[in-house]
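Descriptive analysis of the structure
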Amino acid sequence: MDGTILGQGSFIVPSTIVNQYIQIPSGADWMKVYNYTQFGTAGTASTYNGIRYYWQRGMAAGSAIVEFYLTDATTAISGDTIASGGFTLYDPSGQSQGAQPLLGPAVAISAVTNSTRPAVTHTADTSLAVGTVVRLSNTAQTDVNGVDMVIGTVTDSTHFTLLAASNALATAPGAIGGAGFYRVVYNANSQLFYPRRRVITNITQAANAQVSTSIAHGLTVGQEVRFNIPAVSGMIQLNPDILNNYFPSGSAVAAIVASIVDDYNFTININTTSYSVFTYPTIAQQPSSF
């Protein structure tokens, strides 16, 4: 039936505005959002107050129809369309026509350096930015292929560096990467899937070990995490096993997030100073898990 409401609810935007991920039933064709706190609040000399937002299937990603109070300190309503900052339909199954794809188009790579922050040379692409998540494939670095990694530096339209200084690989891949391609991974840091699975790039030997991940970990203090570290990477003492009721070996407690260092690093309440050194698996150690 035309105009049928499948679901409704509310959400609160924090003081620092971030994208909101709203789970909706499949097959939705339209969506309306009302800004409750701005209704009745007149615009200012320099700011429009958006009060109603509308999207329907077929509109471009990021777009919306907006109604707002004018910037003349009145509550006179006007309307417009926006091309960004609006609604983007995302289907994690990748089956909805018109939804944002899971992966961007393949972009050719000509070389990847053998370093703990691999530098990538590629066909010109001006859409990349620090924080974009990419997935490499078909390079000689088989230990980097298929692992989602954040871009730490964009040098120019044909060069970027994987990872930041704070979450660099514990060990260089082991060879120079050859020709291949990368794809942008959309919504890699979203709340669509829980519990999250994150690839570890490094773990320190410390009283409160610091764990680095290849993309934003999304954790908060107090959460419990479970490790799955392959033998080739060392520090398997963090792995749970049936003999200790799935607690880390030699520890009386499970691994709890003690502090958040930044988006890609957190500390845990386990002393790893006596544990074996963590290494990122090299190409010579492939195939292996991560």
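Please refer to the structure higher up on the page.
Quick look at the structure, then. Quantities reported herein were computed from a predicted structural model and do not represent experimental measurements.

Looking at the overall build of the chain
When helices and strands are tallied, the chain shows zero helices and 15 strands. Per-residue burial for the chain yields a buried fraction of 33% across its 290 residues. Long-range contacts, defined as pairs at least 24 residues apart, comprise 61% of the intrachain contacts of the chain with a sequence gap of at least 6. Of the accessible surface of the chain, which amounts to about 15,900 Å², a share of 55% is contributed by carbon and sulfur atoms.

A few points about the nonpolar core
With 22 residues, the main nonpolar core has Val120, Val134, Leu136, Met149, Phe160, Leu162 and Tyr182 as its most contacted residues. Elements with a minimum of two residues in this core: β5 (107–112), β7 (133–137), β8 (148–156), β9 (159–162) and β10 (180–184). Setting aside anything within four residues of it in sequence, one finds Val134 in contact with Val147, Asp148, Met149, Ile151, Phe160, Leu162, Tyr182, Arg183, Val184 and Val185. Phe227, Met235, Ala255 and Tyr275 belong to the second-largest nonpolar core, a separate cluster that totals 17 residues.

Overview of the sheet that holds strand β1 (residues 30–34)
Where strands meet in a sheet, backbone hydrogen bonds hold them as pairs that are either parallel or antiparallel. Ordered by their spatial adjacency, four strands build an open sheet running β1-β2-β3-β4, and the pairing between neighbours is antiparallel. Both edges of this open sheet fall to β1 and β4 (77–87), since each of them pairs with a single strand only. Across this sheet, the average inter-strand angle for adjacent strands is 25°, counted without regard to direction. Sheet analysis places β1 next to strand β2 (residues 49–56), joined by five bridges and oriented antiparallel. Paired with Trp30 across the two strands is Gln56, which belongs to β2.

Details of the side chain of Asn167
Mapped onto the elements of the fold, Asn167 is located in the loop between β9 and β10. Reaching out from Asn167, the side chain makes a polar contact with the backbone nitrogen of Ala164 at a distance of 2.7 Å. A distance of 2.9 Å separates the side chain of Asn167 from the backbone oxygen of Thr213, its partner in a polar contact. If sequence neighbours within four positions are ignored, Asn167 has contacts with Val150, Thr201, Ser212, Thr213, Ser214, Tyr264 and Asn265.

Comments concerning the sheet that holds strand β13 (residues 224–225)
Strand order across the open sheet formed by five strands is β11-β12-β15-β14-β13, with antiparallel pairing between neighbours. Looking along the sheet, the strands with just one partner apiece sit at the ends: β11 (200–203) and β13.

A look at the pattern of salt bridges
In a structure, side chains of opposite charge can pair up when their charged atoms sit close to one another. Tallied over the entire structure, the rule returns three salt bridges. For Arg52, the salt bridge goes to Glu67, with nearest N and O atoms at 2.9 Å. Of this pair, Arg52 sits in strand β2 while Glu67 sits in strand β3 (residues 63–69); the two residues are 15 residues apart in sequence, bridging distant segments of the chain. Since its relative accessible area comes to 24%, Arg52 is described here as partly exposed.

Regarding the environment of Ser276
With respect to the helices, strands and loops of the structure, Ser276 is situated in the segment after β15 (265–268). Ser276 gets classed as partly exposed once you look at its relative accessible area, which sits at 30%. In this view, Ser276 contacts Gln205, Gly234, Met235, Ile236 and Gln237; residues no more than four positions away in its chain are not counted. A polar atom in the side chain of Ser276 sits 2.6 Å from the backbone nitrogen of Met235.

Quick look at unusual backbone geometry
With an omega dihedral of 5°, the bond running from Gln286 to Pro287 counts as a cis peptide bond. With respect to the helices, strands and loops of the structure, Pro287 is situated in the segment after β15. Notably, Met235 is not glycine yet its phi reads approximately 50°, a positive angle. Relative to the assigned elements, Met235 resides in the loop between β13 and β14 (255–262).

Conventions we followed
- Residues numbered from 1 in each chain as written.
- Predicted model: local features only at pLDDT ≥ 70, side-chain atom pairs only at ≥ 80, totals over all residues.
- Heavy atoms only, no water.
- Helix = DSSP H or I, 4+ residues; strand = E, 2+ residues; numbered from the N terminus.
- Buried < 20%, exposed > 50% of the residue type's maximum accessible area, 1.4 Å probe, protein only.
- Contact = heavy atoms within 4.5 Å.
- Areas by Shrake-Rupley, 256 points an atom, 1.4 Å probe, with all protein chains shown as cover.
- Core = buried A, V, L, I, M, F, W, Y, C linked by side-chain atoms within 4.5 Å.
- Pairing = 2+ DSSP bridges.
- Axes fitted to C-alpha atoms, helices over the stretch in contact; angles between N-to-C directions.
- Polar contact = N/O pair within 3.5 Å; in protein donor to acceptor, adjacent residues only side chain to side chain.
- Salt bridge = Lys/Arg side-chain N within 4 Å of Asp/Glu carboxyl O.

Purely spatial values, then, with no claim about function.
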